[in-house]
Amino acid sequence: MIDSVNIARESPDTEQPWADLGLKQDEYESIKEILGRRPTSSELAMYSVMWSEHCSYKSSKVHLRQFGDKAPKTDALLVGIGENAGVVDIGDGWAVTFKVESHNHPSYVEPYQGAATGIGGIVRDIISMGARPLAVMDPLRFGAADAPDTRRVLPGVVAGIGGYGNCLGLPNIGGELVFDESYAGNPLVNALCVGSMKHEDIHLASAKGVDNLVVLYGARTGGDGIGGVSVLASETFDANGPAKRPSVQVGDPFMEKLLIEATLEVLHAGLVEGIQDLGGAGISCATSELASNGEGGMQVYLDRVLLRDASLSPEEILMSESQERMCAVVTPEKIDAFMQLCKKWEVEAVVIGEVTDTGRLVIDWYGDTIVDVPPRSVAHDGPVYERPFHRPSWQDALQADTPTGERLPRPSTPDALKHTLLDLISSPNLASKSWVTSQYDRYVLGNTILAQPEDAGMIRVDEESGLGVAISTDCNSRFAKLDPYAGAQLALVESYRNISVAGAKPLAVTNCLNFGSPEDPEVMWQFAQATTGLADACLELGIPVTGGNVSFYNQTGENAISPTPVVGVLGVINNVEHRTPMAWAGDGDLIYILGDTADEFAGSEWAHLQGHLGGLPPKVDLPAEKLLSEIMVAASHEGMITAAHDVSDGGVGVAVTEMALRANIGARFWIPENIDPFVFLFSESTARAIAVIPGTEELRFSEMCAARGMRATRFGVVDSGLGVNSGHPGEQVIVCDSQFTLTIDQLREVNEATLPALFGGEKCSAQVSESYWDQ
Amino acid sequence: MSARIGVVTFPGSLDDVDAARAIRIAGGTAVALWHGDTDLHGVDAVVLPGGFSYGDYLRCGAIAKFAPVMSLVIDKAQVGLPVLGICNGFQILCESRLLPGALTRNDHQHFICRDQRLRIESTDTPWTMDFALGQEIVIPLKNGEGGYVASEVVLDELFAENRVIATYQGENPNGSYRNVAGISNKAGNVVGLMPHPEHAVELLTGPTIDGVPFFTSVLKSLIGAP
Amino acid sequence: MARVVVNVALKPEILDPQGRAVQGALSRLGLSGVMDVRQGKQFIIDIDGELEGDRADLLEKLAGELLSNPVIEDFTLTVEN
């Protein structure tokens, strides 16, 4: 028996499972008020999923408004917050769009498919703007590296990202891999995609033009992830109940590849008036958003939807999260051409309805009207909560626990410093990530200029002119736990710095805000602080937030994850030939540190290795970051610089080591005067970078720094011939004067052994295979 | 006019734009061929690019061999048309029986993307004549099913007939028998190669430009051809 | 209606890393005496009407040319008419 609108009118007192669908009593009452009757079961399904935290941003909206309210004046933003993804002007008629999204809970349930469909979803967001996807990146966070749960989840997540992204033909150019106890039982799997288009190709999700046709195309609709969006993403996941596992969405990257090609071809042929991808909330979301953004009305015949499983009910069809589907609005004159192109790419398509001016979204099922709602009420006018928040009771004590030399013994002898460096570069967070990244294709499409382990990923957009973009994502959640306002800013400035160090000018910001439960006032305080910090810093740096994603309920039981506002910065470089790599190349080139080093170890990798978290995070200095950025971009553009590297996790010692490893060329360096060797080598003060300058450019470079008030201190020289005099003939060596000498082979061995030892053994292979079954 | 080299796009082909770029950089004209084409548009040689044709869902390359364009490629290859299959293209050539053996899942089971050292073992093919015999090159390797397998008899024959065109140097990346990275047919005109020369044609984007000679080779061979 | 089941597995002499990994997992999970595991594929093909004559021959041929790769795989085919 289908619950139609007529039946709903006649049976106002029917009990409805609104609570099971995650709706609150007042939300249910407000649906009844909007409709003037009880909702049909299909309407209830739609409202419940669209009003879920995940789709409606009901708890975060009041805080996210700051990104718009405090947006800096800029001409670069072509499409702002609110669309599938923001669009940024990068010059020469080119625009880029980028966005990062979370797929945390699905990836914990089924690591391979969860991570794979995360890539699929973010890629569809990008193509629905009219852009060709250029590359993907993955910020990943797991519990302790040696925890059984991490060993279960990580290999599957990595295989899923690789399996889907590689098959889709998108280079994976970077990301993050962080291990922290706080993510035990709640890993963070975020996915970023960047795409490019000419200005005239920008498309928006709106159903314009009465009588235009609404086409659903791509994969067939099945029972994937029904309710997943509200159940999986909005309620805390209980690991103890396998029976409660909701059906997981399964990705088909081959279909997605065809969908990309078909979509770009219909867009470029001018056959599309409006377009929307189907992600969370499936047809409910696509139809209501298209209608709400357009003429305001839509008539849909749900029985026309092509099904993979004929037994699905209309409610299930509305909520299905089957992957690899898109929805387009096409004029009647162009529909044949549209269908022809779909056929060329072997993509199934069906007209499911048309645009109306009734102001209502009406959905019929074999002649019965099962949905008749104002689309705005579903898509945009959902509930908004001003959740209570307060500073956690433990915050002051945490901040007071500074890792001073008395509180946390520091290495002081040369030998102890050497071992500290070896411990750091072999720790899971700083060890080589190539066990992960070698499972991703970074070459496909032939435009990858920089990929991990470089500071930023860089992609050439225009092969003729060399115009390119750089992207980086960052977040140190320990900093954010110590001070969420500063922590969010520190995530931003690290990402901003990474872009600049690679030679690109920062232009725009996206974010993926991963937090615990918004119903916990302490978590909500962290969220409010982090969003305010981020918005304030974006305003000061002059780069707008173009969009983002919020993921709440990241917690295991009562324990929320450390606040993790992942920030992605996008920058532009006029000619990728000017990019600055991290590997130094020339013997005799001079190694400089830009910026000031202070005694700042709270939340650092060194403190983390000692099991300590306390104190105040490194000081944020936005004017210094801005100056550093301008200097790094100018130095790259003027050809003054041959290599550069951001100084952050693990400090100068780790940064120099990473540069030497990347180059496979040694160097000699020394501790500058008036600074403690341990502080110089391992402090994580911000607004610093290492710059490598050829002797011929030294004067010009140091004069530029002096003129602009940037401290530039020479502290080393690239030297491939240090082996002979240090007892390692024939080997590349790094020498820290009067402290220690290490060969690059020694460093590489400990740096590269960690992840294979944790995940690469026989045991791991079997686990990959189990989730990799039919790939 | 420069030689015309066709690049076949199957649904799921990924490195077709890269192959076309490599042909242009080498000085040739790249001609896009579609899997459904029933005409080779007069091309002088064909590249079957990397990717996941038809999703590689049955077996890598297994469905692509039945594409209309492939029956033309197979017919012409048997009478001398130079054909280079890269990665998925190599898999298609083996599935089509233009080349012996097969490619199986990497022995370590992971997809692997890395810069791979190879030694050129034969310069007697139109795709390798621009190399020096024994030359070592570094080009990207990226595959999930790149382990070359064939019977001992076939392997002996390939080596004896100088039909192994490149071998892996250093650690074997995928379990290929006898470190085989690429082979040719008896006539030499059909070559399959697991690593990706088309990703090593520009210093900005590749680890080297060691991939270029594969494409200049075929252009030279075509100029010399009657 | 006829149901045809085609089982495809790697030939015994071809390395099967997936099978080997599963073998390792079975042993680790406490199943003793696992001597070998080979992982394969199964195709379940439903066909209208009886399968005989030319159609049966064609299917047998395609099992060898499409569903399996005789270079590395063996197949078995059973028909339930």
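Going by the structure above, here's the rest.
Residues numbered from 1 in each chain as written. Chains lettered and ligands numbered in written order. Predicted model: local features only at pLDDT ≥ 70, side-chain atom pairs only at ≥ 80, totals over all residues.

Q: Mind laying out the overall build of chain B, listing which residues take part and the relevant values?
A: A tally of helices and strands in chain B yields five helices and eleven strands. In terms of overall size, chain B behaves like a compact globule, its C-alpha atoms giving a radius of gyration of 16 Å where 226 residues would be expected to give roughly 17 Å. Structurally, chain B occupies a C-alpha span of about 45 × 35 × 35 Å along its principal axes. By residue count, 64% of the 226 residues in chain B fall in the buried class. Pairs at least 24 residues apart make up 76% of the contacts formed inside chain B by residues separated by at least 6 positions. (Helix = DSSP H or I, 4+ residues; strand = E, 2+ residues; numbered from the N terminus. Rg over C-alpha atoms; globule rule 2.2 N^0.38 Å. Buried ≥ 20, exposed ≤ 12 C-beta atoms within 10 Å, placed from the backbone. Contact = placed C-beta atoms within 7 Å.)

Q: Describe in detail the interface of chain B and chain A, supporting the description with residues and values.
A: On the chain A side, the residues contacting the 25 residues of chain B number 26 residues. For the side of chain B that touches chain A, the elements supplying multiple residues, two or more each, are α1 (16-26), β6 (112-120) and β7 (136-143) of chain B. Here the residues of the side of chain B that touches chain A sort into eleven nonpolar, nine polar and five charged. (Nonpolar A, V, L, I, M, F, W, Y, C, P; charged D, E, K, R; others polar.)

Q: Mind laying out the nonpolar core, listing which residues take part and the relevant values?
A: All names here are of chain A. In terms of nonpolar packing, the biggest core is built from 326 residues, with Val194, Val469 and Ile690 touching the most fellow members. No other element matches helix α19 (residues 484-501), which puts ten residues into this core. The residues touching Val469, leaving out its near neighbours within four places in the chain, are Ile90, Val96, Val194, Ile459, Val461, Ala504, Leu570, Gly571 and Val572. (Core = buried A, V, L, I, M, F, W, Y, C linked by C-beta atoms within 7 Å.)

Q: I'd love a proper account of the sheet that holds strand β9 (residues 164-168) of chain B, names of residues and values included.
A: Residues and elements named next belong to chain B. Taken together, the nine strands give an open sheet; going across it, the order is β2-β1-β3-β4-β11-β10-β9-β6-β7, and neighbouring strands pair in mixed fashion. Lying at the two open borders of the sheet, with one neighbouring strand each, are β2 (29-34) and β7. Averaged over all pairs of adjacent strands, the angle between their axes in this sheet comes to 25°, without regard to strand direction. Two elements, strand β1 (residues 4-9) and β2, share six bridges in a ladder whose sense is parallel. Counterpart to Gly6 in the pairing with β2 is Val31. Strands in contact with α1 are β1, β2, β3 (45-48) and β4 (83-86); relative to β1, the strand with the most contacts, it is inclined by about 170°. (Pairing = 2+ DSSP bridges. Axes fitted to C-alpha atoms, helices over the stretch in contact; angles between N-to-C directions.)

Q: Go over the interface of chain C and chain B with me, naming the residues and quoting the values.
A: Taken together, the contact pairs nine residues of chain C with eleven residues of chain B. Of the residues belonging to the side of chain C that touches chain B, the class tally is seven nonpolar, two polar and no charged.

Q: Give a detailed account of unusual backbone geometry, specifying residues and quantitative values.
A: Cis geometry marks the peptide bond from Gln452 of chain A to Pro453 of chain A; its omega dihedral reads 5°. Looking at where Pro453 of chain A falls in the secondary structure, it is placed in the loop between β14 (448-450) and β15 (457-460). Unusually for a residue other than glycine, Asn162 of chain B sits at a positive phi of about 60°. Along the polypeptide, Asn162 of chain B turns up in the loop between α4 (152-160) and β9. Given 15 C-beta atoms within 10 Å, Asn162 of chain B falls into the partly exposed group.

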